[in-house]
Amino acid sequence: YATHGSLEEWSESHSFAPEAHPRPTHQGPTEPVPLTWMARLSPGSLGVQGASPALVPFCYTIGSWLLCILIAFMYALVHKIDQEVDLETTHPNDFAILVEGLPPSAKEEHVIKDFFQENAVAG
(Lines give C-alpha, C1' and ligand atoms only; values in the text may rest on other atoms or scores of the structure.)
Protein backbone atom coordinates (compact mmCIF):
# COMPACT_ATOMS: atom_id res chain seq x y z
CA TYR A 1 0.00 0.00 0.00
CA ALA A 2 1.05 3.60 -0.49
CA THR A 3 2.80 5.08 2.52
CA HIS A 4 2.38 8.77 1.64
CA GLY A 5 -1.39 8.92 1.45
CA SER A 6 -1.44 8.75 -2.35
CA LEU A 7 -0.71 6.27 -5.08
CA GLU A 8 2.02 8.33 -6.74
CA GLU A 9 4.75 5.89 -5.81
CA TRP A 10 2.81 3.09 -7.54
CA SER A 11 2.09 5.01 -10.73
CA GLU A 12 5.53 4.50 -12.23
CA SER A 13 6.82 0.93 -12.44
CA HIS A 14 10.48 1.88 -11.93
CA SER A 15 9.73 3.29 -8.45
CA PHE A 16 8.53 0.01 -6.91
CA ALA A 17 10.52 -2.54 -8.96
CA PRO A 18 13.71 -0.82 -10.19
CA GLU A 19 15.47 -4.08 -11.02
CA ALA A 20 12.69 -5.15 -13.38
CA HIS A 21 11.75 -1.73 -14.71
CA PRO A 22 14.69 0.69 -14.97
CA ARG A 23 13.94 4.41 -15.00
CA PRO A 24 13.39 5.61 -18.56
CA THR A 25 16.25 7.74 -19.82
CA HIS A 26 14.75 9.11 -23.02
CA GLN A 27 12.19 11.85 -22.40
CA GLY A 28 11.47 12.75 -26.03
CA PRO A 29 12.88 15.37 -28.39
CA THR A 30 14.43 18.46 -26.82
CA GLU A 31 13.88 20.62 -29.91
CA PRO A 32 10.69 21.10 -31.93
CA VAL A 33 10.30 18.45 -34.62
CA PRO A 34 9.46 19.95 -38.03
CA LEU A 35 6.27 18.62 -39.57
CA THR A 36 6.46 17.10 -43.02
CA TRP A 37 3.70 17.56 -45.56
CA MET A 38 2.45 14.07 -44.71
CA ALA A 39 2.19 14.82 -40.99
CA ARG A 40 0.24 18.00 -41.69
CA LEU A 41 -2.60 15.97 -43.26
CA SER A 42 -3.82 14.86 -39.84
CA PRO A 43 -5.87 17.31 -37.75
CA GLY A 44 -4.21 15.75 -34.69
CA SER A 45 -0.91 17.35 -35.69
CA LEU A 46 -2.37 20.86 -35.50
CA GLY A 47 -2.05 21.00 -31.73
CA VAL A 48 -3.62 23.51 -29.38
CA GLN A 49 -2.62 26.61 -31.33
CA GLY A 50 -2.64 24.99 -34.77
CA ALA A 51 -6.08 25.75 -36.13
CA SER A 52 -9.36 27.40 -35.38
CA PRO A 53 -11.96 25.12 -33.78
CA ALA A 54 -14.14 25.25 -36.90
CA LEU A 55 -11.39 24.18 -39.33
CA VAL A 56 -11.10 20.55 -38.27
CA PRO A 57 -14.84 19.66 -38.53
CA PHE A 58 -14.99 21.59 -41.80
CA CYS A 59 -12.11 19.53 -43.22
CA TYR A 60 -13.73 16.29 -42.07
CA THR A 61 -17.06 17.34 -43.63
CA ILE A 62 -15.41 18.15 -46.96
CA GLY A 63 -13.47 14.88 -46.83
CA SER A 64 -16.64 12.89 -46.09
CA TRP A 65 -18.48 14.48 -49.01
CA LEU A 66 -15.57 13.81 -51.35
CA LEU A 67 -15.48 10.20 -50.21
CA CYS A 68 -19.22 9.81 -50.93
CA ILE A 69 -18.82 11.35 -54.39
CA LEU A 70 -15.85 9.10 -55.17
CA ILE A 71 -17.78 6.00 -54.05
CA ALA A 72 -20.69 6.92 -56.36
CA PHE A 73 -18.26 7.62 -59.23
CA MET A 74 -16.44 4.31 -58.75
CA TYR A 75 -19.75 2.41 -58.58
CA ALA A 76 -20.83 3.94 -61.92
CA LEU A 77 -17.41 3.27 -63.44
CA VAL A 78 -17.41 -0.38 -62.37
CA HIS A 79 -20.96 -0.80 -63.73
CA LYS A 80 -19.93 0.76 -67.07
CA ILE A 81 -16.85 -1.45 -67.37
CA ASP A 82 -18.94 -4.52 -66.51
CA GLN A 83 -21.39 -3.69 -69.32
CA GLU A 84 -18.57 -3.13 -71.83
CA VAL A 85 -16.91 -6.42 -70.93
CA ASP A 86 -20.24 -8.25 -71.13
CA LEU A 87 -20.88 -6.85 -74.63
CA GLU A 88 -17.41 -7.76 -75.90
CA THR A 89 -17.19 -11.30 -74.55
CA THR A 90 -19.29 -14.43 -74.86
CA HIS A 91 -20.33 -16.26 -71.73
CA PRO A 92 -22.44 -19.38 -71.21
CA ASN A 93 -25.26 -17.26 -69.81
CA ASP A 94 -25.56 -15.57 -73.24
CA PHE A 95 -27.06 -18.85 -74.52
CA ALA A 96 -29.16 -19.72 -71.47
CA ILE A 97 -32.93 -19.66 -71.40
CA LEU A 98 -35.35 -19.67 -68.50
CA VAL A 99 -37.95 -22.39 -68.75
CA GLU A 100 -41.01 -22.80 -66.54
CA GLY A 101 -43.59 -25.52 -66.47
CA LEU A 102 -41.39 -28.52 -67.23
CA PRO A 103 -42.80 -31.76 -65.89
CA PRO A 104 -41.07 -32.86 -62.67
CA SER A 105 -40.07 -36.12 -64.35
CA ALA A 106 -38.16 -34.32 -67.13
CA LYS A 107 -34.63 -35.49 -66.51
CA GLU A 108 -33.70 -36.95 -69.87
CA GLU A 109 -32.84 -34.98 -72.99
CA HIS A 110 -35.52 -36.57 -75.20
CA VAL A 111 -38.27 -35.74 -72.66
CA ILE A 112 -37.23 -32.08 -72.59
CA LYS A 113 -37.00 -32.04 -76.41
CA ASP A 114 -40.52 -33.49 -76.71
CA PHE A 115 -41.82 -30.89 -74.26
CA PHE A 116 -40.40 -28.05 -76.36
CA GLN A 117 -41.74 -29.52 -79.60
CA GLU A 118 -45.25 -29.77 -78.12
CA ASN A 119 -45.30 -26.40 -76.28
CA ALA A 120 -43.10 -24.19 -78.49
CA VAL A 121 -44.51 -20.85 -79.52
CA ALA A 122 -43.96 -19.96 -83.14
CA GLY A 123 -42.08 -16.77 -83.52
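Residues numbered from 1 in each chain as written. Predicted model: local features only at pLDDT ≥ 70, side-chain atom pairs only at ≥ 80, totals over all residues. Heavy atoms only, no water.

For the protein, the helix and strand inventory stands at four helices and zero strands. Each helix (α) and strand (β) of the protein, taken in turn from the N terminus, gives the series α-α-α-α. Here the protein holds 123 residues, and the buried ones make up 3% of them. Accessible area for the protein stands at about 11,600 Å²; split by element, carbon and sulfur atoms hold 64% of it. (Helix = DSSP H or I, 4+ residues; strand = E, 2+ residues; numbered from the N terminus. Buried < 20%, exposed > 50% of the residue type's maximum accessible area, 1.4 Å probe, protein only. Areas by Shrake-Rupley, 256 points an atom, 1.4 Å probe, with all protein chains shown as cover.)

The full count for this structure, using the stated rule, is one aromatic pair. Taking 6.0 Å as the distance between ring centres and 80° as the angle between the ring planes, the aromatic pair formed by Phe 115 and Phe 116 counts as edge-to-face. With relative accessibility at 17%, the residue Phe 115 sits in the buried group. The exposure class assigned to Phe 116 is partly exposed, which follows from its relative accessible area of 35%. (Phe/Tyr/Trp six-rings, centres within 6.5 Å; stacked < 30°, edge-to-face > 60°.)

So, about the pattern of salt bridges. Tallied over the entire structure, the rule returns one salt bridge. Glu 84 is the partner of Lys 80 in a salt bridge, and the nearest nitrogen-oxygen pair spans 3.7 Å. Separated by four residues within a single helix, Lys 80 and Glu 84 lie in helix H3 (residues 55–88), roughly one turn from each other. Judged by relative accessible area, which is 48%, Lys 80 ranks as partly exposed. What makes Glu 84 partly exposed here is its relative accessible area of 38%. (Salt bridge = Lys/Arg side-chain N within 4 Å of Asp/Glu carboxyl O.)

A few words now on a nonpolar patch on the surface. On the surface, Leu 55, Phe 58, Ile 62, Leu 66 and Ile 69 cluster together into a nonpolar patch covering about 480 Å² of accessible area. With respect to the secondary-structure elements, Leu 66 resides in helix H3. (Patch = residues over 30% accessible without salt bridge, like charges linked within 9 Å, V, L, I, M, F, W, Y side chains within 5 Å.)

Overall, the prediction assigns the protein a mean pLDDT of 76, with 61% of residues at 70 or greater. When mean pLDDT is compared element by element in the protein, H3 scores highest at 92, while helix H1 (residues 8–11) scores lowest at 55. (pLDDT = per-residue confidence, 0-100.)

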